[in-house]
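Below are the chains, spelled out letter by letter.
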Amino acid sequence: MSDSKSITNMVENIQKYEPEQSASDMALMIQRFEPKIKKAILQTNPEERADLEQELKIKVIILALQYKWAEIPDISNYLRTD
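Nothing here was measured: the structure is a model prediction, and the numbers come from that model. Here the residue numbering is sequential within each chain, running from 1 through the sequence in written order. Totals for whole chains, interfaces and linings use every residue, but because this is a predicted model, local features are given only for residues with pLDDT of at least 70 and side-chain atom pairs only at 80 or more, for both listing and counting. Side-chain numbers here rest on the full set of heavy atoms in the structure, without hydrogens or water.

Q: Just checking my understanding: could you explain the overall build of the protein chain for this structure?
A: For the protein chain, the helix and strand inventory stands at three helices and zero strands. In this description a helix means any DSSP run of H or I spanning at least four residues, a strand means any run of E spanning at least two, and both kinds are numbered starting from the N terminus. Its helices and strands in sequence order give the protein chain the pattern α-α-α, from N to C terminus. In this description the radius of gyration comes from C-alpha coordinates, and the expected globular size is given by 2.2 Å times residues to the power 0.38. Over its C-alpha trace the protein chain gives a radius of gyration of 16 Å, far above what one expects of a compact globule, namely 12 Å for 82 residues. A principal-axis box enclosing the C-alpha atoms of the protein chain has dimensions of 55 × 35 × 20 Å. Throughout, exposure labels follow a simple rule: accessible area from a 1.4 Å probe, protein chains only, divided by the maximum for the residue type, with under 20% read as buried, over 50% as exposed, and the rest as partly exposed. Within the protein chain, the fraction of its 82 residues that count as buried is 18%. Of all intrachain contacts in the protein chain linking residues separated by at least 6 positions in sequence, the fraction that spans at least 24 positions is 48%. Reported accessibility uses the Shrake-Rupley method at a 1.4 Å probe radius. Residues are deemed covered only where the shown protein chains occlude them. When the accessible area of the protein chain is evaluated, it comes to approximately 6400 Å², of which 55% is carbon and sulfur surface. Charge convention: Lys and Arg are scored as positive, Asp and Glu as negative, and His as well as the terminal groups of each chain are ignored. Throughout, a charge is located at the NZ atom of Lys, the CZ atom of Arg, the CG atom of Asp or the CD atom of Glu. Positive and negative side-chain charges of the protein chain, numbering 11 and 14 respectively, have mean locations separated by a distance of 4 Å. Any two residues having at least one pair of non-hydrogen atoms within 4.5 Å are treated as being in contact.

And the structure:
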């Protein structure tokens, strides 16, 4: 797995769902978000942390699968035309 891949590329590959590449990119995406997930679960009860960690990892993949590229505004939406 290449750590130099951008999150954008990983999401695109996950959405194309080419089984080997998608699985690799899903694992890499979870690995990239692992520090943030570990930090977030420290705010919960110790007995609930393992379940929450698993749920957050699932949520990362679901969000990658459902991300809508067409809804991303471009710079022209923010420029004034007066």
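Q: Explain the nonpolar core to me, please; I cannot follow it from the model alone.
A: What makes a nonpolar core is a set of buried Ala, Val, Leu, Ile, Met, Phe, Trp, Tyr and Cys residues whose side-chain atoms join them at distances within 4.5 Å. Formed by M10, V11, I14, M26, L28, M29, I37, I41, V60, I61 and A64, the largest nonpolar core amounts to eleven residues. Every element with two or more residues in this core is listed here: helix 1 (7–16), helix 2 (19–41) and helix 3 (49–66). Sorting elements by how many residues they give to this core places helix 2 first, with five residues. What I61 contacts, discounting residues up to four positions off in sequence, is M26 and I30.

Q: Please clarify how a negative patch on the surface should be interpreted in this entry.
A: Distance thresholds for patches are 9 Å for like charges and 5 Å for nonpolar side chains (Val, Leu, Ile, Met, Phe, Trp, Tyr), applied to residues having over 30% relative accessible area and no salt bridge. The salt bridge criterion pairs a side-chain nitrogen of Lys or Arg with a carboxyl oxygen of Asp or Glu, the two atoms within 4 Å. Negative charge collects at one region of the surface, where E47, E48, D51 and E55 lie side by side. Note on placement: E47 falls in the loop between helix 2 and helix 3. Given the relative accessible area of 62%, E47 is considered exposed.

Q: Please clarify how the side chain of D25 should be interpreted in this entry.
A: Along the chain, the position of D25 falls in helix 2. On the basis of relative accessibility, which here comes to 1%, the residue D25 falls in the buried class. When near neighbours in sequence (up to four residues on either side) are disregarded, D25 contacts K5, M10, N13 and I14.

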